[in-house]
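# Close look at the chain arrangement
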Amino acid sequence: MDLVNVEEHAFINLHSILISLFSNAIKTAYPALEDFGKPAVSAGSKFADYQCNASMQICKLLKAKGENVSPNVVAKKLVDCLGQCNIIEKVDVSGQGFINVWLSRNKLRDILQYVLENKLKPKPLTNPQKIIVDFSAPNVAKEMHVGHLRSTIIGESLSRVFEFIGHDVLRINHIGDWGTQFGMLIALLQDKFPNYKTESPPIKDLQQFYKQSKVLFDSDLEFKKRAYDCVVKLQSMSPDHVQAWKLICDVSRKEFQKIYERLNISIIERGESFYQSRMETVVKDLEDKGFLENDDGRKIMWSPESSIPLTVVKSDGGFTYDTSDIATLKQRIEEEKADWIIYVVDAGQSLHFETLKKCAIHSGFLDPSKVRMDFVGFGVVLGEDKKKFKTRSGDTVRLASLLDEGIKRTRDKLVEKGRDKVLTDEELKLAETALAYGCIKYADLCHNRNHDYVFSFDKMLDDKGNTAVYLLYALTRIRSIINNLGTYTQDLNESISLDHDKEWKLAKTLLRFPEVISKITDDFCLHHLCEYLYDVATTFSEFYDNCYCIEKNPQTGEIVKVFTGRILLCKVTAEYMETGLNLLGISTVSRM
């Protein structure tokens, strides 16, 4: 623990190192306190760079064992037992046993210098895991709406974080492409476009087509009978019905893909239909092992710990979402060889996935000591009236319409600020796209995913406060400082300057990045990264307001002096910001 080797990588978690050092010191000083847990180590103390506040807790535990000692004495004993580490400059004790830690400026400068030369990337993992992230999951024949927004954005960003660390990530889009509704759609397709087998039907609005089929299904008994007949024939893989099903899925797929391309989402489609034969196998397996019991004609499965059962087979012999989900989980473990499966689904599904997990463990499909399964739930998107986000007519907000509105409002904002007069048409187009989609993503991710959040274009397009606009402007400002150097760019061979208090504060803020990434892998909450990036941007602003980077002649505008060490600090700040924004799925631009 005495040496932190910068040459290996630049992804050094200072907070984790300090916790480890103090944990070892507590074990050495007080070996009887075996179950102490992690000591409280916090950054940002006005007295030092970090502070450890474990002494008071240790005093309470010792008192319970009959030993009275002051926090100050405990703190001094911990300092005496603290191992040497080259990231620490000095340690002292103040007040009621607070342990103050000052970091080594030289060591932190080395880390930042390494990032500058080698980019910001973690050390390759010794044992990368195969992680499946299940997110987005729209239904065929229905348009993607605002309800799909959070799953899609959160799932993509989590995938990027795990890939960045070095894991092998498989993004899965478990679309609803099977079931009774296809009987209705195929029956209507046969009525409206009888030549569908030889001519591609001109279905432009599949949602409207679905509504039409549903009206007929509910009002016309003969149509309903044909729809059920179509379902049976589709499930028995009749070529004509499979062709009709594929046509309908293709229309939906193209519409989904347009949304994913706009939002820069990378995902592999694997719908419910993929698991049909596997469902039959799973049902037989569960039946053979005696896990299914009869319940008024249904076949259900309980686990000893679950409060509700899974309905594996309906009374009419059909399968359910429960059947599909347990077959999907089994396939991912046995065929995909997943080490970790993450479901990014709205919080309302938590009981279902809790039951699924317990039943999978009970049946032996899931061994939690070998495969990890996590449910990542999230709240709903609210309108400014604090009710579920709807259109004025009360309909669900279409995702395509939401993105279009974002583009329009962003362009209006840029024109209002006169940016259309200084940017080329191409630059304006890039800026409006990056801002519009970046704002929609950031407004979602900057909130704790467990909470509902209010969707407001006015707030998300504000260039002040914790918004994507503020962060993107901050990054373009940093880049413009570097670009202002002109021919001086080649002479940057000094070391990063960390002498001024504001330079030092910025360096410490930047180096919290690995700690933030570690938090996200623990609780799947991306707002930690948003808060970090906002801290970086505001701390950079403080630094820039207090520290000259380039001095110019006020009359001629010529560069008189370049503070090279500060320019390098600007460059490394841009690297951290760009990396963080990319993990959030937010595109950056050189000019705004």
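Residues numbered from 1 in each chain as written. Predicted model: local features only at pLDDT ≥ 70, side-chain atom pairs only at ≥ 80, totals over all residues. Heavy atoms only, no water.

Formally: UniProt positions are given in the numbering used here, feature names are shortened, and annotations may be inferred rather than shown by experiment.
If you check an unreviewed UniProt entry, the protein appears there as Probable arginine--tRNA ligase, cytoplasmic from Acyrthosiphon pisum. For the record of the protein, the UniProt heading Subcellular location (unreviewed entry) holds the text "Cytoplasm, Cytosol".

### Things to note about the overall build of the protein
Our working rule: In this description a helix means any DSSP run of H or I spanning at least four residues, a strand means any run of E spanning at least two, and both kinds are numbered starting from the N terminus. Summary of the burial criterion: residues with accessible area below 20% of their type's maximum are buried, those above 50% are exposed, and those between are partly exposed, where the area comes from a 1.4 Å probe applied to protein chains only. Residue exposure ignores everything except the shown protein chains as possible cover, and the areas themselves are Shrake-Rupley values with a 1.4 Å probe. Charge counting treats Lys and Arg as positive and Asp and Glu as negative, with His and both chain ends excluded. Every charge is mapped onto a representative atom, which is NZ of Lys, CZ of Arg, CG of Asp or CD of Glu.
Along its length, the protein carries 20 helices and 16 strands. Counting over 592 residues, the protein shows a buried share of 51%. Accessible surface, the protein: about 28300 Å² in total, of which carbon and sulfur atoms supply 48%. Positive and negative side-chain charges of the protein, numbering 78 and 83 respectively, have mean locations separated by a distance of 2 Å.

### Looking at the layout of surface pockets
Where we set the bar: Lining residues are those with an atom within 4 Å of a point, where the points come from a 1 Å grid over the protein atoms alone and group into cavities, where a 1.4 Å probe fits but cannot get out, or pockets, open sets with protein on both sides within 12 Å along at least five of seven lines. Grid points are joined across faces, edges and corners, and a volume is the space filled by probe spheres set on the points. In this classification, the charged set is Asp, Glu, Lys and Arg, the nonpolar set is Ala, Val, Leu, Ile, Met, Phe, Trp, Tyr, Cys and Pro, and all remaining amino acids, among them Gly, are polar.
Its boundaries defined by the atoms lining it, the second largest pocket holds a volume of some 720 Å³. If you trace the second largest pocket, you find 27 residues lining it, with G179, T180, Q235, K314 and F319 closest to the centre. Among the secondary structure elements, those contributing two or more residues to the lining of the second largest pocket are α8 (221-235), α10 (276-288) and α11 (321-334). Among the residues forming the lining of the second largest pocket, the class breakdown is 10 nonpolar, 12 polar and 5 charged.

### Focus: the sheet that holds strand β9 (residues 298-301)
What counts is decided by this rule: Note on pairing: two strands pair once DSSP finds at least 2 bridges between them. Between N-to-C directions, angles span 0 to 180 degrees; the directions come from axes that are lines fitted to C-alpha atoms, helices contributing only their stretch in contact.
If you walk across this open sheet you meet the 3 strands as β8-β9-β10, and the pairing is antiparallel. The sheet is open, and its two edges are formed by β8 (292-295) and β10 (310-313), each paired on a single side. Sheet twist, expressed as the mean angle between neighbouring strand axes with direction ignored, is 45°. In this structure, β8 lies alongside β9, joined through 4 bridges in antiparallel fashion. Within β9, the position partnered with D295 by the bridge is R298.

### A closer look at the sheet that holds strand β4 (residues 98-103)
In a beta sheet, neighbouring strands are held together by backbone hydrogen bonds and run either parallel or antiparallel to one another. Strand order in the open sheet made by the 4 strands is β1-β2-β4-β3, with antiparallel pairing throughout. At either margin of the open sheet sits one strand with a lone partner, and together these are β1 (41-43) and β3 (88-94). Adjacent strand axes in the sheet meet at a mean angle of 25°, parallel and antiparallel pairs treated alike. Alignment of strand β2 (residues 50-52) against β4, held across 3 bridges, turns out to be antiparallel. Its bridge partner lying in β4, C52 is registered against I99.

### Observations regarding the state of the cysteines
The line we're drawing: When the sulfur atoms of two cysteines come within 2.5 Å, that pair is taken as a disulfide.
Scanning the entire structure with this criterion turns up 0 disulfides. Free of any disulfide, C52 has its nearest cysteine sulfur in C59, 12 Å distant. Left without a disulfide partner, C249 is nearest to the cysteine sulfur of C230, which lies 14 Å away. With a relative accessible area of 3%, C249 lands in the buried category.

### So, the environment of R150
Note the cut-off: Whether two residues are in contact is decided by their heavy atoms: any pair within 4.5 Å suffices.
Tracing the backbone through its elements, the reader meets R150 in helix α5 (residues 149-165). Of the residues examined, R150 reaches a relative accessible area of 2% and is grouped as buried. Sequence-distant contacts of R150, that is, excluding residues within four places in its chain, are made with G155, F378, G379, V380, V381, D444, H447, N448, R449, H451 and Y453.

### A short note on empty space enclosed by the protein
Tallied over the full model, the rule gives 2 cavities of 30 Å³ or more. What the largest cavity holds in volume is close to 70 Å³. Around the largest cavity, the lining residues are T410, K413, L414, K417, L435, L461, D463, V469 and Y473. Put simply, the parts of the chain that give the lining of the largest cavity at least two residues each are α13 (399-416) and α16 (468-483). At 3 residues, the largest contribution of residues to the lining of the largest cavity is made by α13. Of the residues assigned to the lining of the largest cavity, the class counts are 5 nonpolar, 1 polar and 3 charged. In this structure, the second largest cavity spans a volume of roughly 30 Å³.

### Re helix α9 (residues 239-262)
Our working rule: One fewer than the residue count of a helix, multiplied by 1.5 Å, yields its expected span.
Between its first and last C-alpha, α9 extends 35 Å over 24 residues, near the 34 Å set by a 1.5 Å rise per residue. Along α9, the residues that are buried comprise H241, V242, A244, W245, L247, I248, C249, V251, S252, F256, I259 and Y260. On the buried face of α9, the contacting elements are α5, β6 (168-173), α6 (181-192), α7 (206-219), α8 and α13. Where α9 terminates, the next one or two residues include N264, which has phi positive at roughly 55°.

### Thoughts on unusual backbone geometry
Across residues other than glycine, the phi torsion is negative in most instances, and most of the peptide bonds are trans. One non-glycine residue with positive phi stands out, namely A137, at about 50°. In this structure, A137 sits in the loop between β5 (130-134) and α5. Here the phi dihedral of K386 falls at roughly 65°; this positive angle occurs in a residue that is not glycine. Structurally, K386 is set in the loop between β13 (381-382) and α13.

### Quick look at the pattern of salt bridges
Oppositely charged side chains are able to pair whenever their charged atoms sit close together. We count it as follows: When a carboxyl oxygen of Asp or Glu lies within 4 Å of a side-chain nitrogen of Lys or Arg, that pair is called a salt bridge.
According to the stated counting rule, one finds 40 salt bridges in the structure shown. Residue R171 pairs with E156 through a salt bridge whose shortest N-O separation is 3.1 Å. Separated by 15 residues along the polypeptide, R171 in strand β6 and E156 in helix α5 bring together distant segments of the chain. Across the pair E542 and K502 runs a salt bridge whose closest N-O atoms are separated by 2.9 Å. Of this pair, E542 sits in helix α19 (residues 527-546) while K502 sits in helix α17 (residues 501-510); the two residues are 40 residues apart in sequence, bridging distant segments of the chain. E542 sits in the partly exposed class, given a relative accessible area of 27%. Shared partners join several salt bridges into a network, and the residues in it are E156, R160, E163 and R171.

### Side note on the packing of α17 against α19
Helix packing geometry: the angle between the two helix axes and the distance between the axes. Where we set the bar: Throughout, the term roughly parallel applies to angles under 35 degrees, roughly antiparallel to angles over 145, roughly perpendicular to angles from 65 to 115, and oblique to all others. Here is the rule for handedness: rotate from the far helix to the near one, and if that takes an anticlockwise turn smaller than a right angle the crossing is left-handed, while a clockwise turn gives right-handed.
Interhelical geometry of α17 versus α19 gives an angle of 165° and a closest axis separation of 9 Å. What the angle tells us is that α17 and α19 run roughly antiparallel. Judged by the twist between their axes, the crossing of α17 over α19 is left-handed. Across the interface between the two elements, K502, E503, K505, L506, T509 and L510 of α17 pack against Y532, D535, V536, T539, F540, E542, F543 and N546 of α19. Of the residues assigned to the contact of α17 with α19, the class counts are 6 nonpolar, 3 polar and 5 charged.

### Some remarks on the pairing of β5
Convention followed: Handedness is read with the strands pointing away from the viewer; a crossover is right-handed when the path from the first strand over the helix to the second is clockwise.
Counting buried positions along β5 yields 5 of 5 residues, so the element is predominantly enclosed. Side chains K130, I132 and D134 of β5 all project onto a buried face; the interleaved residues I131 and V133 project onto the opposite face, where all are buried too. With 5 bridges connecting them, β5 and β6 associate as parallel partners. Residue I131 lies in a different strand from β6, and its bridge partner there is V169. Of the crossover connections in this fold, the one passing from β5 over α5 to the parallel β6 is right-handed.

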